[in-house]
Structure formats: C-alpha cells, structure tokens
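Each chain, letter by letter, is given below.
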Amino acid sequence: MRAWLALVCVALGGCVFSGDDSGGGPYVAVNEITQQYDVAMCAHLVACHEISDQATCLTTNISSAFYIDPAAVKGVLAGKIRYNGSLVAQCFAQLAASTCNPGDLANRRPVEQCMATAFVGLGASGATCTQSDECASGQCNTNCAQGEQQCCLGTCLGDALPPTGPLAIGAHCPFGTGGYDPCVVGAYCDSTTAVCMAVKPLGSPCQNTKECGDGQQCDVFSTLTCIDAPHLDQPCTASGRCGDEGLYCGNDQICHHVALAGEACGAGQQCSNFYTTCNPTSQTCATYPKLGEDCSVYQRCNDIGTYCDGSVCRTPKAAGQPCHTDTECASLYCDTGTTLTCMAPATCPL
C-alpha cells in the first residue's frame, strides 16, 4: 500500500515530502511525468503508423504542448500540494491505448483534462501561500506590494472546492472552464444554449466534431454535417481528407498510411511530418537534421535534446550561457526579461 504522503529520505540525511496518493497499481512519480507522457504518446503514434517504432519515437524531438509547471512539482515535494500519481497513470494509459480516429468518444477528453485533479492544494483558508495551486480553494491572495511581480507571500482564500464531475445531459454548462468541454462523454456543451446536449446522429448539422456521435466527425471543410470520415483503404473522393491520424488521401483518392523514414515519397506519397520530410533527390522520406547537421531549410532538428540555432542543430546550453529563446537552454528557460542567459525556471520559495 502506497502512503499518501511518503517521506523520501535523501542521502544528506534530510527528508522531503514526495506528495503521493494511496493505493497500489500503476503509478507515475511526480518527477517522471514528462518522461512517462512521452512513453504514452509514442505508443499512440506508433500504433497510428506515424512513427516506425517506440525506440525511434523516444529519441525524436516531437513537438508537444504538454507542460507541467515546475512550481507545482516543487509544491508537491514540499508537502503543500497533493499529487495523485495513480490518476496520472490512468490518464497516460488511456492516451497510449487511444484509437487513431479523433471522432471516437473515448478520444475526446485530452490528457490535460483527464489530469485536471492530479494536483490539489492542501492549504486551508488562511494558510500561507505563494501560488494558488497550494490552496485547497485554488485561490491565493498574495497582496503583492507595488512593484512586486511574484513570490510575495499571501493567504489561501476560502475552503476546499466541492468535488465536481462531468455534467449530465440537460445540465447548465458555462463552457470555457479550463478550456475543456465539461459534459459527460456522449454529450457536448452547446455554445448557444450553454446546456449539455446528447451527441448528434450521422448527417446532423454541426460546427465541431464534439457535437457528433461516436466515431463520427464534423465535416468542417464542406458540408458542416456529422460524417463517417473515410478510413484506411477507403475512398476519400468527397472531401480529399481521411478521418484517422497517420493517413492521407492519395492521388488515387484512396486513404493510405503516411510514409515513414526510408519509404518512397516521389509519386504523391506524404511523409509523416512528426520526424520526416520528403528528400527531393532520393525521393524517400528522410528524418530531419541531426546534431551538427544543417537545419537552415526546415528550422527543425530530429534528435531529442537538440535545437536549431538557425543554421545548425546544437546541444542546448548550460545555465549562464547567452540565449534568446527557451529552446536554446537545457533548463528550457531563458531569462529574456533581463540577463538573456539560460537558468533554472523561476519558482517561488516555499
């Protein structure tokens, strides 16, 4: 049985809170979230024929908007924020097993929404705080003095928020909370009425895929109706588009898998844009430039842990080195406001 707040004693003789949930089974440690997300995302991409294999994917510089605030991790380790690693493991398992059709109901809740309650503040009303994530209410009144930008102490406002689940059909849904649709799977928040409505049958008018039934997508490029978008080896004559990730509509108006590294791309085949581009000389899909190679054409580098400086793929810079963007730094943080140097991400002392 895993302790809710497990004490991890470090070599120097001190102990820090690792912020944990109870129960056994699959679990993602708070300092391994990003790595385990990559593992889950790669499993999905390989299954959808967008990258050749898991090992290749895990060494590829895949663009992703997934982000974990270092301040939240620090709050967990300081015992100010509860972390549910079992929930994160469930969310990543769903991502890894997700199908290639974005119209499937099981795929419509992004992993960030699944993880919405993975970090919960422990501070009761009146507790000292530096960020809202430390408070059970999600509200920290910092009362920053004039000129202060961050890290001024405050107090938590209000009590713990009541647990909320997905909203049932017919419920009022002020869309926009967290940027996600708040209704249960099989329903959507209607933007006109602000009420959770059941998904629509095939052929119904729509503005977004979230309105359509399981497996269907909204044909936003043409008819604005719910359609069963074409899949592998099916005709794509009507729209010139295919419904699944990892597919493209070929010159023969049939849906095909995108070509992977080393495969032909000279007769209209499309390469997987996650890690390849069509080499005009060899007429095969080639990976983006690697460390030390010229990246001036695509402004992308293939190897994880590298960046394009405008002309060559380089290793990210250490703390104290000059920079202009976060991608140049090993810490992924460039102090563009003052020093223009790489440094550790700014977090408030706890």
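Our subject is the structure that appears above.
My aim in this report is to walk through the structure given alongside it, one point at a time. If you're wondering where the values come from, they're calculated on a predicted model, not measured in any experiment. (Residues numbered from 1 in each chain as written. Predicted model: local features only at pLDDT ≥ 70, side-chain atom pairs only at ≥ 80, totals over all residues. Heavy atoms only, no water.)

Remarks on the sheet that holds strand β5 (residues 128–129)
Strand pairing in a sheet relies on backbone hydrogen bonds. The paired strands run either parallel or antiparallel. Spatially, the three strands line up as an open sheet ordered β5-β7-β6, and their pairing is antiparallel. Each having just a single partner strand, β5 and β6 (140–141) make up the two edges of the open sheet. (Pairing = 2+ DSSP bridges. Helix = DSSP H or I, 4+ residues; strand = E, 2+ residues; numbered from the N terminus.)

Here we look at the state of the cysteines
Within the structure shown, the criterion is met by 17 disulfides. The disulfide partner of Cys-135 is Cys-156, and the S-S distance across this bridge is 2.1 Å. Residues Cys-135 and Cys-156 are joined by a disulfide whose S-S torsion is about -80°; by sign, that bridge is left-handed. On the criterion of sequence distance, the pair formed by Cys-135 in the loop between β5 and β6 and Cys-156 in strand β7 (residues 154–156) is long-range, its members being 21 residues apart. (Disulfide = S-S within 2.5 Å.)

Considering the pairing of strand β15 (residues 284–287)
As paired elements, strand β14 (residues 276–279) and β15 share four bridges and run antiparallel to each other. Of the residues in β15, the one forming a bridge with Thr-276 is Thr-287. The turn joining β14 and β15, which pair antiparallel and follow one another in sequence, is formed by four residues; a positive phi near 60° is taken by Gln-283.

Looking at the packing of aromatic side chains
Overall, the coordinates contain six aromatic pairs when judged by the stated rule. Ring geometry for Tyr-37 versus Phe-66: centroids 4.0 Å apart, planes at 5°, classification stacked. Of this pair, Tyr-37 sits in helix α1 (residues 33–47) while Phe-66 sits in the loop between α2 (54–58) and α3 (70–77), and the two are 29 residues apart along the sequence. A relative accessible area of 6% places Tyr-37 in the buried class. Their ring planes at 40° and their centres at 5.3 Å tell us that Tyr-83 and Phe-119 sit as a pair that is tilted. In this pair, Tyr-83 is assigned in strand β3 (residues 81–83) and Phe-119 in strand β4 (residues 119–121), connecting sequence segments 36 residues apart. A relative accessible area of 21% means that Phe-119 is categorised as partly exposed. Taken together, the ring pairs connect Tyr-27, Tyr-83 and Phe-119 into an aromatic cluster. The cationic tip of Arg-241 hangs over the ring face of Phe-221; the distance from NZ or CZ to the ring centre is 3.7 Å. Arg-300 extends its terminal NZ or CZ atom over the ring of Tyr-288, reaching a point 4.1 Å from the ring centre. (Phe/Tyr/Trp six-rings, centres within 6.5 Å; stacked < 30°, edge-to-face > 60°. Buried < 20%, exposed > 50% of the residue type's maximum accessible area, 1.4 Å probe, protein only. Lys NZ or Arg CZ within 6 Å of the ring centre and 35° of its normal.)

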